[in-house]
Amino acid sequence: MDDHETDLLDAVRTALIEAGFDPGSGGGKGVHLVRHARGVMVGWMPEEIDELHARTSVAHTPGEGGTGLAGLHHATGLALDAALRTAGFTTETLDDHIPVLPPPPA
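Residues numbered from 1 in each chain as written. Predicted model: local features only at pLDDT ≥ 70, side-chain atom pairs only at ≥ 80, totals over all residues. Heavy atoms only, no water.

## Quick look at the nonpolar core
Formed by 15 residues in total, the largest nonpolar core has its most connected members in Val12, Leu16, Val40, Val42 and Leu84. Looking at this core, the element that brings in the most residues is helix H1 (residues 3-18), giving 5 residues. Contact partners of Val42, with chain neighbours within four places excluded, come to Val12, Leu16, Val31, His32, Leu33, Leu80, Leu84, Asp96, His97, Ile98 and Val100. (Core = buried A, V, L, I, M, F, W, Y, C linked by side-chain atoms within 4.5 Å. Buried < 20%, exposed > 50% of the residue type's maximum accessible area, 1.4 Å probe, protein only. Helix = DSSP H or I, 4+ residues; strand = E, 2+ residues; numbered from the N terminus. Contact = heavy atoms within 4.5 Å.)

## Regarding helix H3 (residues 70-86)
Between its first and last C-alpha atoms H3 spans 24 Å; for 17 residues at 1.5 Å apiece the expected length is 24 Å, and the two agree. Of all the residues in H3, the buried ones are His73, Thr76, Leu80, Asp81, Ala83 and Leu84. All buried residues of H3 lie within an arc of 160° about the axis, which places them on one face of the element. For H3, the exposed residues lying more than 90 degrees away from the buried face are Gly71, His74 and Thr86. Among the residues trailing H3, Gly88 stands out with phi positive, at a value near 100°. (Expected span 1.5 Å × (residues − 1). Arc of directions from axis to C-beta.)

## With respect to the pattern of salt bridges
Applying the stated criterion to the full structure yields 3 salt bridges. Ionic pairing is found between Glu92 and Arg38, a salt bridge with its closest N-O pair at 2.8 Å. Of this pair, Glu92 sits in the loop between strand E4 (90-91) and strand E5 (97-101) while Arg38 sits in the loop between strand E2 (30-36) and strand E3 (39-45); the two residues are 54 residues apart in sequence, bridging distant segments of the chain. In this structure, Arg85 engages Asp81 in a salt bridge whose closest nitrogen and oxygen atoms are separated by 3.1 Å. Linking Arg85 with Asp81, this pair stays in helix H3, spanning 4 residues, or about one helical turn. For Arg85, a relative accessible area of 46% translates into the label partly exposed. The buried category is assigned to Asp81, whose relative accessible area is 15%. (Salt bridge = Lys/Arg side-chain N within 4 Å of Asp/Glu carboxyl O.)

Next up, the structure:
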């Protein structure tokens, strides 16, 4: 990873921290950042499904898996995208992740 790629990763992490998120790295649970060929990939995975269900008062039935969290996952993605765009980044929506692209050359 060159200095420009490291700078972008650090800038994305800083923007998310300033917006109140706690980004990790490596594709783990919670908000995570992964280096991508076009920039940085931001994603989110609940840390504890049962704990998350309890916090959001969502009824959870056995065998439901994570499908009951689709709305929360979508809302979290929108919040992440808004925080990144507010910080001046260009983002795209791609399934469950948000590619953050480096700014165009000035």
